[in-house]
Amino acid sequence: MSIQIWTYILVGLSFALYIGIAIWARAGSTKEFYVAGGGVSPVANGMATAADWMSAASFISMAGLISFMGYDGAVFLMGWTGGYVLLALLLAPYLRKFGKFTVPAFIGDRYYSNTARTVAVICALFVSFTYVAGQMRGVGVVFSRFLEVDINTGVYIGMAIVFFYAVLGGMKGITYTQVAQFCVLIFAFMVPAIFISIQMTGNPIPQLGFGGTTQDGIYLLDKLNGLNEELGFSAYTSGTKDMFDVFCITAALMVGTAGLPHVIVRFFTVPKVKDARLSAGYALAFIAVLYTTAPAVAVFARTNLIETVSNESYTSMPQWFKNWEKTGLLKFEDKNADGIVQYVADKSKNELTIDNDIIVLANPEIARLPNWVVALVAAGGLAAALSTAAGLLLVISTSVSHDLLKKQLMPKMSDKTELLTARISAMFAVVIAGYFGIHPPGFVASVVALAFGLAAASFFPAIIMGIFYKRMNKEGAIAGMVSGLIITLYYIAKFKLHWIGVEANDGPESWWFGVSPEGFGTIGMVVNVVVALIVSSLTQPPPQNVQSMVEEIRIPRGAGSAYNH
Amino acid sequence: MAAKDVKLYWKTNLRYLLILLSIWFAVSFGAGILFKEQMDLIKIAGFPLGFWFAQQGSIYFFIAIIFIYVRLMNKLDEEFDVNEH
């Protein structure tokens, strides 16, 4: 059977499964809609969190990025896993004990202020919309590559599916769909990785394989270092980035992960405080399956690619080369007209442009794996994009219906009306996300800098200080969040998006302390903490009832399931 | 629970956090970034050690840290009788 038919079958089956689950897990109350009724087991929640977390970028782009960045790719690997330690140790158990539906609810209650709540809602909406637009785009891209439909048609199909189970099922539907999506995506990622590891190193475990030797008895990493250097790139296992920048990017991604509302909200769905800790552990273990495999895939694919194309004649290129040339993701330009592919570091001589995404998408074809494996990658990419999109849409709808309408504008709304508002907000969110997917605004490409930087500079410090520093008051927290946000936004607008100032003057040489926009969230976080501490020491301590609330959330006993009041 | 106990419970928790977060920092920022070059001089199989910590080892340690914390806290909660029923 052709790749095309296999893709239709596998994608169709997986979609039927998601819809089936959505119908089975309809939400009947706001509690089910916002936190799945608070009765999800830690293992299931771990899987759902993993699927929620691993986006189209993790599945499709990350291994490719690492394969071109070499050692520097570690910023993503450590950055997007290390945050779970912070979540499990510093955030999840206490927020679970606190027992509300959302992050803005915590900020609003802990800092006894609707201003703080509104700042938090705006941050949550902004972060989530930036992130979700990228996911919808990802759905469109996968559809267009594998099923040869228009990208926009792909976005519409994605919207329809997410619409169905997010609007109908809320958190309950999303959670159980995500469990299924985790299984699909991890299977789709691992099967090709294992096949290729066996082919190249004889070891079925990719994590060990890439430290092993190839048939000629040379360590694979040494071989790749050699290939890289021969072509003028730096050695694969050393990086090119400045150490302080690597430090800052890693820290910003870790802290940002722990501050992302769609990740935090998952820990409100388990029954107990100890389940919140445990489920963060499971989540990381499930995520690690992909995250420890990706660097191996990166090494296999890069070695394979260089050996197949470098200094070979263009006419002898295999079929996959031609297939991917058609998509524009692979471009060959014969600069010296010798008919031979020169892939080198020197930009003026390099003749081959390779898009990051090819590494995962074309890997099975490069390694000549059977057609069903190629099709599986499409189903996996879609599972990754859809699961993340759904989680984000839920945060958006909850922020609107619960934190804005119920808590501020229409406090008398009944549970039934609130559920309806939540569904309507989810519907609007799907439509807006789809619109952004079709007409991506310029800032979507900077999603990493924006979403993580802003989460790191705003939510994370406010929550941590709310739990661990009883004396922190509303003046301090609001001043901290606002200053962290503004300075980070300013930096990204100036040095990443070039909306402020003259682009020519804002290259890497003028970065503050040599920190790239992706790593600036770390600086923003420090600014937030410093401002918060100074302002709070100059103003009144928080009222007694807030201080007792903080003492209360530090002790596990007495946690009911997440509740609404 | 008496106020003194609450204090002791919280202090013990903070001590666990300090120790575990130091390990968290050491395996990622330490071995994988700040001392990467020195670590790379040691090789295990095909892996320069600093590179291994940055792309593999830190993640395994992260998982271990969380599960150790879960165990420590479950025991502590029981000891101070603040666990959930």
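What you see is a predicted model; the values in this text were computed from it and never measured.

A.B. asks: Sorry, what's going on with the interface of chain B and chain A here?
C.D. replies: How big an interface is tends to be stated in terms of accessible area lost as the parts join. If you look at the interface, chain B gives 45 residues, while chain A gives 51 residues. Each partner contributes to the roughly 4200 Å² buried at the junction of chain B and chain A, and carbon and sulfur atoms together form 72% of this total. For Asp77(B), the salt bridge goes to Arg277(A), with nearest N and O atoms at 3.3 Å. At the boundary of chain B and chain A, one finds 12 residue pairs in polar contact (both at pLDDT 80 or more). For the side of chain B that touches chain A, the secondary-structure elements that each account for two or more residues are helix 1 (3-34), helix 2 (36-40), strand 2 (47-48) and helix 3 (49-79) of chain B.

A.B. asks: Looking at this structure, how should I read the packing of helix 5 (residues 74-98) of chain A against helix 3 of chain B?
C.D. replies: Helix packing for two helices is described by the angle between their axes and how far apart those axes are. Between helix 5 of chain A and helix 3 of chain B, the shortest axis-to-axis distance is 9 Å and the interhelical angle comes to 10 degrees. Taken together, helix 5 of chain A and helix 3 of chain B sit at an angle that is classed as roughly parallel. Here Ala74(A), Leu77(A), Met78(A), Thr81(A), Gly82(A), Tyr84(A), Val85(A), Ala88(A), Leu89(A) and Tyr94(A) of helix 5 of chain A come into contact with helix 3 of chain B, specifically with Ala54(B), Gln55(B), Ser58(B), Ile59(B), Phe62(B), Ile65(B), Ile66(B) and Tyr69(B). Among the residues making up the contact of helix 5 of chain A with helix 3 of chain B, the classes are represented as 14 nonpolar, 4 polar and no charged.

A.B. asks: What is the right way to read the confidence of the model for chain B from this model?
C.D. replies: Note that predicted coordinates carrying low pLDDT should not be read in detail. Residue and element names in this part refer to chain B. Per-residue confidence for chain B gives a mean pLDDT of 92; residues scoring 70 or more make up 95%. When pLDDT is averaged over each helix and strand of chain B, the minimum, 89, is found for strand 1 (residues 43-44) and the maximum, 95, for helix 3. The ipTM for the predicted assembly is 0.95, set against a pTM of 0.91.

A.B. asks: I tried to follow the nonpolar core on my own but got confused; where do I start?
C.D. replies: Soluble, globular proteins show a tendency: their nonpolar side chains are buried together. All names here are of chain A. Within the largest apolar cluster, 226 residues are counted, with the highest numbers of intra-cluster contacts made by Trp53, Phe59, Leu89, Ile107, Tyr291 and Ile463. A per-element tally of this core places helix 8 (residues 151-201) first, with 21 residues. With residues up to four places along the chain from it excluded, the contact list for Ile463 reads Leu91, Leu95, Val103, Phe106, Ile107 and Ile264. By size, the runner-up hydrophobic cluster in this structure holds 6 residues, among which are Cys248, Phe495, Phe520 and Ile523.

A.B. asks: Looking at this model, I keep getting lost on the pattern of salt bridges. Mind explaining?
C.D. replies: Where charged atoms of side chains with opposite charge meet at close range, the side chains can pair. Scanning the entire structure with this criterion turns up 12 salt bridges over all chains. For Asp81(B), the salt bridge is made with Arg557(A), and the minimal N-O distance between the two is 3.0 Å. Taken together, the residues Asp81(B) in the segment after helix 3 and Arg557(A) in the segment after helix 23 (544-553) connect one chain to another. Accessibility expressed as a relative area gives 27% for Arg557(A), which makes it partly exposed. Notably, a salt bridge pairs Lys36(B) with Asp40(B), separated by 2.7 Å at the nearest N-O pair. With Lys36(B) and Asp40(B) both in helix 2 and 4 residues apart, this pair spans about one turn of that helix. The structure contains a network of salt bridges with shared partners spanning Asp216(A), Lys223(A) and Glu307(A).

Calculation rules
- Residues numbered from 1 in each chain as written.
- Chains lettered and ligands numbered in written order.
- Predicted model: local features only at pLDDT ≥ 70, side-chain atom pairs only at ≥ 80, totals over all residues.
- Heavy atoms only, no water.
- Contact = heavy atoms within 4.5 Å.
- Buried area = accessible area lost by both parts, 1.4 Å probe.
- Salt bridge = Lys/Arg side-chain N within 4 Å of Asp/Glu carboxyl O.
- Polar contact = N/O pair within 3.5 Å; in protein donor to acceptor, adjacent residues only side chain to side chain.
- Helix = DSSP H or I, 4+ residues; strand = E, 2+ residues; numbered from the N terminus.
- Axes fitted to C-alpha atoms, helices over the stretch in contact; angles between N-to-C directions.
- Parallel < 35°, antiparallel > 145°, perpendicular 65-115°, else oblique.
- Nonpolar A, V, L, I, M, F, W, Y, C, P; charged D, E, K, R; others polar.
- pLDDT = per-residue confidence, 0-100.
- Core = buried A, V, L, I, M, F, W, Y, C linked by side-chain atoms within 4.5 Å.
- Buried < 20%, exposed > 50% of the residue type's maximum accessible area, 1.4 Å probe, protein only.

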